[in-house]
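# Survey of secondary and tertiary structure
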Amino acid sequence: MTRISRLCTALGIAAAVVLGGSGCTVIAPNGPYTVNNDEGAGDPLSKPFQRMIAIPPQPGWGAEDTIRGLQAAMAAYADDPSILAGYLTPEARAKWTAAGPVTVIQDQYEVSVPPPRESETSSKVTLKGHYLALINEDDSYKPTGGPWERPFELVKLPEGYRVSGLPPGLLLTESDVARAYRPTNLYYVNRSTQDRLVVDRVRLRLDTKETFAQTVLERLLEPPTEALRGAVTTSFPPGIKIESIRSGEDRVIINLSGELDTLDLSAEETLRGQIRNSLNKNEIAKGRIIEIMVDGESYTVDRPDTVDQWLDDDVRDSAYFVDKGAVHYLTKDGGGGAVAGAAGEEHEGFGHFAVSAGPNPLIAAKTSTGISVAGLAPEGAWQEVVQGADLTPPTWNRDGTLWTYDGKNGVLLKYDPASGQAEPVEVPAELDELDVNRFRIARDGVRVAVTTGENTVQIGALTGEGAGTKLGNLQLLTTTETGNEIKDIAWRDDEHLLVLAQGTAGQTLNEINVGDGETTGVPLKDRLESVAAFQDQVLADVATKGGTKLIVLSPDQQTWTTKIEKKGGAPLLPLG
């Protein structure tokens, strides 16, 4: 059902309930509730939304109607918790709590009711649906799948059916979540380098009593989701509160309270970066001056034309490709010349190249005996910096360190070109038992993609700092069907990972949001060998009879165009 038709049907339900009088109450097929028109529309600090208004259980309802009414009351619980309580017996009401993960199922679900029996005062019914996701208590959204069901026991009282036992937590449908929640990007600070913001994607429920800007900033004061615990920090000192947010003609005024060091210019700049991006990236207050006050006194002003270095990766326009072990520049017009030094010369046995960022990048490559590094300069020579026969392809971090996983010894290694030393990094114990074949650090310097076996991708984070840095917070991102193989992965930006998979039916290239699992398929015509990406630029190489073709994904994300027809190679972009 479309949003408009669902709304029209919903608006008729209240009338149906009233007109039912003392006779049998009729419930429309899509539920016992009504929906207010869009609220928040036109407010630069808010998002338009629809507020569901559930109705209490009715004496004439059967068991199925009561369960559907209960689910609608759960959807409206945050706005009006009193309705849900009316569906429960006093004993169930005393025990139930809304705390815990929110279960999300598909809109179409079934309520299985056994045949009625005379003189029965209780009934066991089962709600059956398809599992979609969990919204955890830290507001993270985790996709799930498969059949889902939950039994309910109802008792028949003079005033109608009531639920005698209810598991903790709320049960919502996909439409409930789309109506009342918004995918939201919050921005914290890379704990290790302190020079980069890191995005944390959550689902925030719209609050009818405050603007969405207030909801976003209130959540920003809280710790990040479990995926980033220990990996990021914040510029907000403990005890800071959001006292008010209001908008003027050209600005948004945020009044904080608490202890802020007005002489700490670094903290001031970081705080502006966190607030600006957490609002603007969610389409709030874009193009407006953001004035930040503390206890009513001016603290700092952030202007929309201010250069924002907090999401800068120092990648510039650098792009390369590798042909027969030699690294070449990739220009706007196609293939360029070979890079200076040994990296621009053909070398057999060199593969899986990676390039660092910055004005003086380094090239790394995997060989049969280890990882070698060379500078892009006439005097640049290959030097083996990590030894091992079972290493993952190298990956550069934004801090200039080079990383690889040693599968034979179960050790994650970090090589620092400044010291010339490779040091082990602590990893979760379960990683030792898995076949790790790729390890890729995102450009934010925090998130990590790890492929294990042939068909599984996990996402983790580099937690801690300095000598205490370790890999942690591993969570499953995606897995392909048995028999399929993940051929390559590439970070497109802080949020999105490209996953190239090969199966019996052909190839798939999916762009996955690592924050909530949202997946978008990229159309393919050719069989890709590898893929590289940075924001809007997605490159891939294709093996043909005439040589290697290098192709680029068009801006509409639907077609590929040829960049180099025959003498191309594996594309290479800094970091990611």
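Starting afresh in each chain, residues are numbered from 1 along the sequence in its written order. Local features in this predicted model are restricted to residues whose pLDDT is 70 or higher, and side-chain atom pairs enter the listing and the counts only when it is 80 or higher, whereas totals over whole chains, interfaces and linings include all residues. Here the side-chain values reflect all heavy atoms present in the structure, with hydrogen atoms and water set aside.

## Notes on the overall build of the chain
Short version of the rule: Put simply, DSSP H or I for four residues or longer makes a helix, DSSP E for two residues or longer makes a strand, and each gets a number counted from the N terminus. Only protein chains enter the accessibility calculation, which uses a 1.4 Å probe. A residue is then buried if its area is under 20% of the maximum for its type, exposed if over 50%, and partly exposed in between. The contact criterion used throughout is that any non-hydrogen atoms of two residues lie within 4.5 Å. To be clear on the numbers: accessible area is Shrake-Rupley with a 1.4 Å probe, and residue cover counts the displayed protein chains and nothing else. For the purpose of counting charges, residues Lys and Arg are taken to be positive, whereas Asp and Glu are taken to be negative. His and the chain ends are not included. Positions of charges follow a simple convention, taking NZ of Lys, CZ of Arg, CG of Asp or CD of Glu.
When helices and strands are counted, the chain shows 7 helices and 40 strands. Each principal axis of the C-alpha atoms in the chain carries an extent, and together these give about 90 × 65 × 45 Å. The buried share of the chain, reckoned over its 576 residues, is 52%. A sequence separation of at least 24 residues applies to 53% of the contacts in the chain between residues at least 6 apart. Carbon and sulfur atoms provide 48% of the accessible area of the chain, an area that totals close to 26,400 Å². Put simply, the chain has 54 plus and 81 minus side-chain charges, and the middle of one group is 4 Å from the middle of the other.

## With respect to the packing of aromatic side chains
Selection criterion: The aromatic pairing rule takes the rings of Phe, Tyr and Trp, using the six-membered ring of Trp, and pairs them if the centres are within 6.5 Å, calling planes under 30 degrees apart stacked, those over 60 edge-to-face and the rest tilted.
Enumeration over the complete set of coordinates arrives at 6 aromatic pairs. Geometrically, the ring pair formed by Y320 and Y329 is tilted, given 5.6 Å between the ring centres and 35° between the ring planes. Relative to W382, the ring of F353 has its centre 6.2 Å away and its plane inclined at 65°; by these criteria the two rings are edge-to-face. With F353 in strand 20 (residues 351-355) and W382 in the loop between strand 22 (370-375) and strand 23 (383-387), this residue pair connects regions lying 29 residues apart in the sequence. W382 carries the same exposure label as F353, and that label is buried.

## Quick notes on the side chain of T215
As a reminder of what qualifies: Between N or O atoms, a polar contact is any pair within 3.5 Å; within protein, one atom must be a potential hydrogen donor and the other a potential acceptor, and residues adjacent in sequence are included only when both atoms are from side chains.
Summarising the element assignment, T215 is placed in helix 6 (residues 212-220). A polar contact of 2.7 Å, which involves the side chain of T215, links it to the side chain of E210. In this view, T215 contacts L204, R205, D207 and E210; residues no more than four positions away in its chain are not counted.

## Describing the confidence of the model for the chain
Test applied: Each residue carries a pLDDT value, the predictor's own confidence for that position, ranging from 0 to 100.
Across the chain, the average pLDDT comes to 90, with 92% of residues at or above 70. For residues 1-30, every residue scores under 50 in pLDDT, and the model assigns this stretch 35 contacts once sequence neighbours within four places are set aside.

## Notes on the environment of E433
With respect to the secondary-structure elements, E433 resides in the loop between strand 27 (421-425) and strand 28 (436-441). Residue classification places E433 among the exposed residues on the basis of a relative accessible area of 71%. For the pair formed by E433 and N280, sequence separation is 153 residues and the distance between their alpha carbons is 42 Å.

## Some thoughts on the environment of T548
Tracing the backbone through its elements, the reader meets T548 in strand 38 (residues 547-553). Under the relative-accessibility criterion, T548 is labelled partly exposed at 24%. Along the sequence, T548 and I242 sit 306 residues apart, while their C-alpha atoms lie 57 Å from each other. Aside from chain neighbours lying at most four places away, what touches T548 is D541, V542, I564, E565, K566, K567, G568 and G569.

## Let's talk about the sheet that holds strand 37 (residues 537-544)
Rules: Strand pairing follows a simple DSSP-based rule, namely that at least 2 bridges must link the two strands. With axes taken as lines fitted to C-alpha atoms, and helix axes fitted only over the stretch in contact, angles between N-to-C directions fall between 0 and 180 degrees.
Here we have 4 strands laid out as an open sheet, ordered 36-37-38-39, and antiparallel in their pairing. Because the sheet does not close on itself, it has two edges, and the strands there are strand 36 (528-534) and strand 39 (560-564). Strand-to-strand twist of the sheet, defined as the mean angle between neighbouring strand axes without regard to direction, takes the value 30°. Strand direction decides the pairing type here: strand 37 and strand 38, joined by 6 bridges, are antiparallel. Following the sheet pairing, V542 is matched in strand 38 by K549.

## A word on a negative patch on the surface
Stated precisely, the cut-off is as follows: The patches reported here contain residues having more than 30% relative accessible area and no salt bridge. Joining distances are 9 Å for like charges and 5 Å for nonpolar side chains (Val, Leu, Ile, Met, Phe, Trp, Tyr). The term salt bridge refers to a side-chain nitrogen of Lys or Arg lying within 4 Å of a carboxyl oxygen of Asp or Glu.
Residues E243, E259, D295 and E297 make up a contiguous surface patch of negative charge. Secondary-structure assignment places E243 in strand 13 (residues 241-247). In this structure E243 comes out as partly exposed when scored by relative accessible area, which is 46%.

## As for the sheet that holds strand 14 (residues 251-257)
The 4 strands lie next to each other as 13-14-15-16, forming an open sheet whose pairing is mixed. The open sheet terminates on both sides in strands that have one partner only, identified here as strand 13 and strand 16 (297-302). Within the sheet, the average angular offset between the axes of one strand and its neighbour, ignoring direction, is 20°. Across the face of the sheet, helix 6 comes into contact with strand 13 and strand 14 while running at roughly 150° to strand 13. Across the sheet, helix 7 (residues 265-280) is in contact with strand 14, strand 15 (289-294) and strand 16; its angle to strand 16 comes to roughly 65°.

## Overview of helix 7
For the record, the criterion: Take the residue count of a helix, subtract one, and multiply by 1.5 Å to get its expected span.
The end-to-end C-alpha distance of helix 7, which contains 16 residues, comes to 22 Å, matching closely the 22 Å that a straight helix rising 1.5 Å per residue would cover. Among the 16 residues in helix 7, 12 count as buried, and that is most of the element. Along helix 7, the residues that are buried comprise E268, T270, L271, R272, G273, Q274, I275, R276, N277, S278, L279 and N280. Buried residues belonging to helix 7 abut strand 10 (181-190), strand 11 (197-205), helix 6, strand 14, strand 15 and strand 16. For helix 7, the side-chain oxygen to backbone nitrogen distance between the N-cap and S266 is 3.3 Å, and the N-cap itself is D264.

## Here's the deal with the pairing of strand 36
Counting buried positions over the 7 residues of strand 36 gives 6, a clear majority of the element. In the sheet, strand 36 pairs with strand 37 via 6 bridges, with the strands oriented antiparallel. Residue pairing across strands places V531 opposite A540, the latter belonging to strand 37. A loop of 2 residues connects strand 36 with strand 37, the two strands running antiparallel in sequence, and Q535 in this loop sits at a positive phi of about 55°.

## Description of helix 6
Burial analysis of helix 6 places 8 of its 9 residues in the buried class, the great majority of the element. Within the sequence span of helix 6, burial applies to F212, A213, Q214, T215, V216, L217, R219 and L220. Against strand 10, strand 11, strand 13, strand 14 and helix 7 lie the buried residues of helix 6.

## Examining the nonpolar core
In plain terms, the rule: Only buried residues count toward a nonpolar core, which is a set of Ala, Val, Leu, Ile, Met, Phe, Trp, Tyr and Cys residues joined through side-chain atoms within 4.5 Å.
Judged by nonpolar contacts, the single largest core of 41 residues is most densely connected at I67, L70, M74, L127, F152 and L154. Other than its neighbours up to four places away in sequence, L154 contacts A63, T66, I67, T121, S122, S123, V125, Y161, R162, V163 and S164. Residues A213, A231, I242 and I290 belong to the second largest nonpolar core, which totals 35 residues.

## With respect to the pattern of salt bridges
Taken as a whole and judged by the stated rule, the model has 24 salt bridges. Across the pair D139 and R219 runs a salt bridge whose closest N-O atoms are separated by 2.7 Å. In this pair, D139 is assigned in the loop between strand 5 (122-135) and strand 6 (141-143) and R219 in helix 6, connecting sequence segments 80 residues apart. Here D139 and R219 have matching classes, each one buried. Each member of the salt-bridge network shares a partner with another, and the members are D195, R196, D313, R398 and D494.

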